[in-house]
Amino acid sequence: AFGGDPNNVTIFGESGGGRKVCTLLAMPAAKGLFHRAIVQSSVTLRAIERDRATEMAERLLAKLGIGRGELGKLQVLPHEQLTEAIGVQGGDGAAGGGFNFAPVMDGEYMPVHPFDPVACPTSVDVPLLLGTNKDEAALFMARDPRRRRLEEHELEERLAALFARSALDWREVLAVYRRNRPEATPWDLLVGINSEARRLAANTLAERRVAAGGAPVYMYFFAWESDFLGGLYKAAHAMEIPFAFANVDDVPMTGERPDKHELESVMSAAWANFARKGDPNGGPVPEWPQFDTQRRATMVFDVPSRAEDDPRSEERLVWKGDLSLYR
């Protein structure tokens, strides 16, 4: 209907959109409907287990006073009543209320988890481009009353609370980040450490896809920092979107740095090249090798952009593969 080629379709998404791309990659019914995939900033390794999803649904129905066989009542329920019930019920600690509603590994529409413990077999022939931003958490932490004024003792208190559900020693993690970022303030360090879970999850996905064989995988790391609001957002979650779409002048969050147009030309070309041929290389894009578990080649988007083998490797390795902080 749009005049495009139905045999050359790319799907891509950022944050929740990236998770949806991962979900589609695991669904046999979607096979053949798209031919390339781009996942930005958030991945789905595991879907919700069927029993867990059923338990959540039953809790919500009970809250609403709707029986199991009364689907019609649920479909006509005012959305205000539904969202209020989701927000009030709670207990899971998930964003958006207590219910962690998400796609379900039901054994039929989604026979296996997308990328856990291995990559799903339905999508190994789909070229994949994925990555994360250096300061993902800066977006979510921007309203923190202690932003950019955090003191050392507050940093340590925050990290102790953050790592309460992890077997890692936060002191060991902090020491590595402090060594690698000698100019970083306590606030910068908190943002950086809070951002790492997304990169670890994306790397895990890439490793498992490469292990499965098939189509190539390309990894990126967005490191360009915006000067908007005095640099509050740094290389935040969602910052890469206007660069991929080539509309940085329409998005205030990209700030006033004149070199943003140079990065915009590189990133938008990479996305278009990948959609066209399943390979981001060409035009203004520096040579971008495929990702593998030996070199771990990664395109670092900055000015200038460049491919690096395993960038910030010490920061990655100090987590010892622990994904307990990824939600």
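Anyway, here's the lowdown on the structure attached to this text. This one's a predicted model, so the numbers in the text were calculated from it and none came from an experiment.

## Things to note about the pattern of salt bridges
Side chains carrying opposite charge are able to pair once their charged atoms draw close together.
Now for step 1: Evaluated as defined, the whole model comprises 27 salt bridges.
Now for step 2: Among the ionic pairs, glutamate 172 bridges to lysine 320, the shortest N-O distance being 3.4 Å. Remark: lysine 320 occurs in the segment after helix H11 (313-317) and glutamate 172 occurs in helix H7 (residues 170-180); sequence separation between them is 148 residues.
Now for step 3: Among the residues examined, lysine 320 registers a relative accessible area of 59% and is labelled exposed.

## Some thoughts on the packing of helix H6 (residues 152-162) against H7
Now for step 1: For the pair H6 and H7, the least separation of the axes is 10 Å and the interaxial angle reads 130°. One way to sum up the angle between H6 and H7 is to call them oblique. Regarding H6 and H7, the two cross each other, and that crossing is right-handed. Listed contacts from H7 to Glu152, Leu155, Glu156, Leu159 and Ala160 of H6 are Trp170, Leu174 and Arg178.
Now for step 2: Partitioned by chemical class, the residues of the contact of H6 with H7 number five nonpolar, no polar and three charged.

## Considering the pairing of strand S2 (residues 36-40)
Now for step 1: For S2, the tally of buried residues reaches five of five residues, placing the bulk of the element in the interior.
Now for step 2: Taken together, the five bridges between strand S1 (residues 10-14) and S2 define a ladder with parallel strand orientation. Bridging from a neighbouring strand, threonine 10 pairs with arginine 36 of S2.
Now for step 3: Note on the crossover from S1 through helix H1 (residues 16-25) to S2: the handedness is right-handed.

## So, the packing of aromatic side chains
Now for step 1: Under the definition given, this model contains 11 aromatic pairs.
Now for step 2: Between tryptophan 224 and phenylalanine 243, the aromatic rings sit 5.0 Å apart at their centres with planes inclined by 65°, giving edge-to-face as the arrangement. Residue tryptophan 224 is found in the loop between strand S6 (217-222) and helix H9 (241-245), and its partner phenylalanine 243 is found in helix H9; the two are separated by 19 residues along the sequence.
Now for step 3: The buried category is assigned to tryptophan 224, whose relative accessible area is 0%.
Now for step 4: A relative accessible area of 0% means that phenylalanine 243 is categorised as buried.
Now for step 5: Geometrically, the ring pair formed by tryptophan 271 and phenylalanine 301 is tilted, given 6.0 Å between the ring centres and 55° between the ring planes.

## A look at the environment of aspartate 188
Now for step 1: Looking at the element boundaries, aspartate 188 is found in helix H8 (residues 186-212).
Now for step 2: For the pair aspartate 188 and arginine 148, spaced 40 residues apart in the sequence, the C-alpha separation amounts to 7.6 Å.
Now for step 3: Excluding residues that lie within four positions of it along the chain, aspartate 188 makes contacts with Glu183 and Lys234.
Now for step 4: One polar contact links aspartate 188 to lysine 234, side chain to side chain, over a distance of 3.4 Å.

## Focus: the sheet that holds strand S8 (residues 306-309)
Now for step 1: With respect to topology, six strands assemble into an open sheet ordered S1-S2-S5-S6-S7-S8, the strand pairing being mixed. The open sheet is flanked by S1 and S8, the only strands paired with a single partner. Within this sheet the neighbouring strands show an average axis-to-axis angle of 20°, counted without direction.
Now for step 2: Where S2 and strand S5 (residues 128-133) come together, four bridges link them in parallel fashion.

## With respect to the pairing of S8
Now for step 1: Relative to S8, strand S7 (residues 297-301) runs antiparallel, the two sharing four bridges. Within the sheet, the bridge partner assigned to valine 300 lies in S8 and is arginine 306.
Now for step 2: Between the end of S7 and the start of S8, which pair antiparallel, lie four residues.

## Points about the nonpolar core
Now for step 1: Counting residues in hydrophobic clusters, the biggest one holds 75 residues, and the most contacted among them are Val43, Leu130, Phe163, Phe222, Phe301 and Trp319.
Now for step 2: For this core, the element with the most residues is H8, which contributes 11 residues.
Now for step 3: Within the second largest apolar cluster, 11 residues are counted, among which are Met56, Leu61, Ile86 and Phe99.

Reading the values: rules and limits
Residues numbered from 1 in each chain as written. Predicted model: local features only at pLDDT ≥ 70, side-chain atom pairs only at ≥ 80, totals over all residues. Heavy atoms only, no water. Salt bridge = Lys/Arg side-chain N within 4 Å of Asp/Glu carboxyl O. Helix = DSSP H or I, 4+ residues; strand = E, 2+ residues; numbered from the N terminus. Buried < 20%, exposed > 50% of the residue type's maximum accessible area, 1.4 Å probe, protein only. Axes fitted to C-alpha atoms, helices over the stretch in contact; angles between N-to-C directions. Parallel < 35°, antiparallel > 145°, perpendicular 65-115°, else oblique. Left-handed = near helix turned anticlockwise from the far one by under 90°. Contact = heavy atoms within 4.5 Å. Nonpolar A, V, L, I, M, F, W, Y, C, P; charged D, E, K, R; others polar. Pairing = 2+ DSSP bridges. Right-handed = clockwise from strand over helix to strand, strands pointing away. Phe/Tyr/Trp six-rings, centres within 6.5 Å; stacked < 30°, edge-to-face > 60°. Polar contact = N/O pair within 3.5 Å; in protein donor to acceptor, adjacent residues only side chain to side chain. Core = buried A, V, L, I, M, F, W, Y, C linked by side-chain atoms within 4.5 Å.

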